[in-house]
Amino acid sequence: MGKIEYPNGDVYEGELQNDLPHGKGKQIYSVPKFKRKSEYTGDFNNGVMEGYGKSIIITGPSKGSFYEGEWKNDKPNGKGKNFFITPDGKQHMYGDGFY
């Protein structure tokens, strides 16, 4: 178990291999394009989100939106659920689809 604090303010806590996130862990990361922060909890493989995990938006107008399911190369990929809150407060749920 370990902790990595990145220069951009992102933080990872969890299992490491060769000083990279690998195995189970949690990462809080910024998405500057959308002016928000998200928290991913799940599987990592050689420094990237890969396997099964959940990412939830923790700041910004879409706070509370999440994706839970399969990941590949830091992106939702495969079977999962997506719950999205638009900036005007509308809620959308997509279940067990492929992304």
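Residues numbered from 1 in each chain as written. Predicted model: local features only at pLDDT ≥ 70, side-chain atom pairs only at ≥ 80, totals over all residues. Heavy atoms only, no water.

### Side note on the confidence of the model for the protein chain
No. 1: Across the protein chain, the average pLDDT comes to 88, with 90% of residues at or above 70.
No. 2: Within the protein chain, no element has a lower average pLDDT than strand β8 (residues 91–98), which sits at 58, and none a higher one than strand β2 (residues 11–17), at 98. (pLDDT = per-residue confidence, 0-100. Helix = DSSP H or I, 4+ residues; strand = E, 2+ residues; numbered from the N terminus.)

### Here we look at the pattern of salt bridges
No. 1: Following the criterion strictly, the structure yields 2 salt bridges and no others.
No. 2: In this structure, Glu-5 engages Lys-3 in a salt bridge whose closest nitrogen and oxygen atoms are separated by 3.5 Å.
No. 3: Here Lys-24 makes a salt bridge to Asp-43, at a shortest N to O gap of 2.6 Å. Placement of the pair is Lys-24 in strand β3 (residues 20–31) and Asp-43 in strand β4 (residues 36–45), with a sequence separation of 19 residues. (Salt bridge = Lys/Arg side-chain N within 4 Å of Asp/Glu carboxyl O.)

### Observations regarding unusual backbone geometry
No. 1: Although it is not a glycine, Asp-19 sits at a positive phi angle of roughly 65°.
No. 2: Tracing the sequence through the fold places Asp-19 in the loop between β2 and β3.
No. 3: Of note in this structure, Asp-74 is not a glycine but carries a positive phi near 70°.
No. 4: Mapping Asp-74 onto the fold places it in the loop between β6 (66–72) and β7 (75–85).
No. 5: Accessibility expressed as a relative area gives 35% for Asp-74, which makes it partly exposed. (Buried < 20%, exposed > 50% of the residue type's maximum accessible area, 1.4 Å probe, protein only.)

### Describing the nonpolar core
No. 1: Judged by nonpolar contacts, Ile-4, Tyr-12, Tyr-29, Val-31, Tyr-40, Phe-44, Met-49, Tyr-67 and Trp-71 together constitute the single largest core of 9 residues.
No. 2: Residue assignment for this core shows that the elements contributing at least two residues are β3, β4 and β6. (Core = buried A, V, L, I, M, F, W, Y, C linked by side-chain atoms within 4.5 Å.)

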